[in-house]
Amino acid sequence: MKFEYPNARETETVEDFHGQKVDNKYDWMEDPDAEETKCFNEAQNKITRDFLDQFGKRDQLKAKFETINDYEKYGIPFRGSSEDGYWYFYHNSGLQNQYVLYQTNVDKPDINADGCKAILDPNSMASDGTVSCKQVKFSPDGSTLAYNKSISGSDWSEMHFLSTKYSDASKSFEHLPNDVLKRVKYSGTAWSKDGKGVFYACYPQQEGKTDGTETTAAHGQKIHYHRIGTNQSQDQLVYENIEEPEWMFGVSCSQDGRYLFLEVQKGCERTNMLYCAQLGEDKSIPQEKISWKAIVDEFKWQYSPIWNVGNICYLQTDENASNQKVIKVDLDQKSFPRDKPLGIDHISEHEDNVLSDVAVCDMKYFITNYMVDCKDKVRVFDIESGNFSHDIEFPDMGSIGWSCRKYMSDIYFKL
């Protein structure tokens, strides 16, 4: 079969990238909203559509795919906080576009259990199922749920806050009406340990559209702290770097609330810089400028805070360890010289297997996930000594998901 493709107009555009001349004769296609680009795309789509429509069993194939995927799906149960008695799990009835988050009183996922209620349903936010809710984070006392609402797969989102206390009057879980954070993008969410607010990343206003279909890059990401009950315009600027508009940032709190960690990333590189700031005993976020101390001030390795005991911080890193390892670092030391290893090896790099994840269980154990011959293997290490304790064996092999909390002795797995 011969296809008559639309003509792609050529220009004489030549661009200079670091002294290298690059022919860019189709530069007009870089504007998806231009009439010429839209006509070209429509012509290509018509060729594809006309060809696919000749296949007489498309409806039969579609129905088969739907049939084999139309079954109930449950996620792993997890706690939102150690301070309330609620459990949560995700559920999909079969062919729902988005999973629904449920609240229940027991650790067994069952949407028909007494007291089980849907607390966050993205499917109810758009009839076409194109709204998703991500970065779901509970406040330390479990009373409030923060989530990012995204439309049509856009990286841009709005952050909303939802009370986890069911209202008998409205027969729903009610949103906090004044707490809506806009222009959120490439952002994690971290509650301060006093539960009074969240850290998040957002971008300043920019020209043109910001719905996820734009081709321009966002610049000038900033970290803000939002205090619950206030307007976004009052949010506290925590960190920015106006000299490096392409850098991205993330903030997390240590488990005891004594330290803030700032991770700085350059594009998609698998390296980051790391800073910390010490907080007061009341775990509140000071309204004055936060003073950051550099732990790592160059882009060379990856460093991710896992856990801390007092001033001793445990980090997952690939520093001189391509398979990853866990090190411990004294945050109170005055400086961190570049010409020396950052910390002491606590869980040494495995010779063959990659350390892909680390979590804390019962304040005593590091639960680790290693990739072994393309399958997950869960190993348990003692936090205090770093010594290997035992493997957790499973009846089958594959990808393993888990629900693990520092304040719980039980771990829930999904294979």
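Residues numbered from 1 in each chain as written. Predicted model: local features only at pLDDT ≥ 70, side-chain atom pairs only at ≥ 80, totals over all residues. Heavy atoms only, no water.

Caption draft 1: Spotlight on the sheet that holds strand S19 (residues 293-296). The four strands are arranged S16-S17-S18-S19 in an open sheet whose pairing can be described as antiparallel. Strand pairing shows two members of the sheet lacking a second neighbour, strand S16 (247-253) and S19, which therefore form its edges. Pairwise comparison of adjacent strand axes, ignoring direction, gives a mean angle of 25 degrees for this sheet. As judged from the three bridges shared by strand S18 (residues 273-278) and S19, these two strands associate in the antiparallel manner. (Pairing = 2+ DSSP bridges. Helix = DSSP H or I, 4+ residues; strand = E, 2+ residues; numbered from the N terminus. Axes fitted to C-alpha atoms, helices over the stretch in contact; angles between N-to-C directions.)

Caption draft 2: A look at the environment of Tyr365. Mapped onto the elements, Tyr365 comes out in strand S25 (residues 365-372). In the structure, Tyr365 is positioned 17 residues away from Asp382 in sequence and 4.8 Å away in space, judged by C-alpha atoms. Apart from residues lying up to four places away in sequence, Tyr365 is in contact with Ala359, Val360, Val380, Phe381, Asp382 and Ile383. (Contact = heavy atoms within 4.5 Å.)

Caption draft 3: A look at the sheet that holds strand S24 (residues 354-361). Overall, antiparallel pairing links the four strands, which are arranged S24-S25-S26-S27 in an open sheet. With partners counted over all chains shown, the strands left at the sheet margins are S24 and strand S27 (388-392), one partner each. Within the sheet, the average angular offset between the axes of one strand and its neighbour, ignoring direction, is 25 degrees. Looking at chain direction, S24 and S25 are connected through seven bridges and run antiparallel. Directly across from Val360, in S25, lies its bridge partner Phe366.

Caption draft 4: The arrangement of a nonpolar patch on the surface in detail. On the surface, Met1, Phe3, Tyr5, Phe51 and Leu52 cluster together into a nonpolar patch covering about 540 Å² of accessible area. Within the element layout of this structure, Phe51 appears in helix H1 (residues 35-52). (Patch = residues over 30% accessible without salt bridge, like charges linked within 9 Å, V, L, I, M, F, W, Y side chains within 5 Å. Areas by Shrake-Rupley, 256 points an atom, 1.4 Å probe, with all protein chains shown as cover. Salt bridge = Lys/Arg side-chain N within 4 Å of Asp/Glu carboxyl O.)

Caption draft 5: Fine view of the nonpolar core. Counting 21 residues, the largest nonpolar core has Phe199, Ile223, Val238, Leu260, Leu262 and Trp292 as the members making the most contacts within it. Top element by residues in this core is S16. It accounts for four residues. Discounting residues that sit within four places of it in the chain, Trp292 has contacts with Val238, Tyr239, Leu260, Phe261, Leu262, Tyr275, Cys276 and Ala277. In terms of nonpolar packing, the next biggest core, distinct from the first, is built from 14 residues, Tyr303, Val329, Phe336 and Leu342 among them. (Core = buried A, V, L, I, M, F, W, Y, C linked by side-chain atoms within 4.5 Å. Buried < 20%, exposed > 50% of the residue type's maximum accessible area, 1.4 Å probe, protein only.)

Caption draft 6: Inspection of H1 at higher detail. Helix length check: H1 (18 residues) gives 26 Å between terminal C-alpha atoms against 26 Å at 1.5 Å per residue, within 8%. Those residues of H1 lying buried are Thr37, Phe40 and Ile47. Looking straight down H1, one finds its buried side chains confined to an arc of 90 degrees; they lie on one side. The exposed set on the far side of H1, more than 90 degrees from its buried face, consists of Glu35, Glu42, Asn45 and Lys46. (Expected span 1.5 Å × (residues − 1). Arc of directions from axis to C-beta.)

Caption draft 7: Inspection of the packing of aromatic side chains at higher detail. This structure, assessed with the given rule, holds 21 aromatic pairs. Judged by centre distance (5.0 Å) and plane angle (80 degrees), the rings of Phe394 and Phe413 are edge-to-face. Of this pair, Phe394 sits in the loop between S27 and strand S28 (401-404) while Phe413 sits in strand S29 (residues 411-414); the two residues are 19 residues apart in sequence, bridging distant segments of the chain. The exposure class assigned to Phe413 is partly exposed, which follows from its relative accessible area of 27%. Counting every residue linked through ring pairs, the aromatic cluster contains Phe78, Tyr88, Tyr90 and Phe138. (Phe/Tyr/Trp six-rings, centres within 6.5 Å; stacked < 30°, edge-to-face > 60°.)

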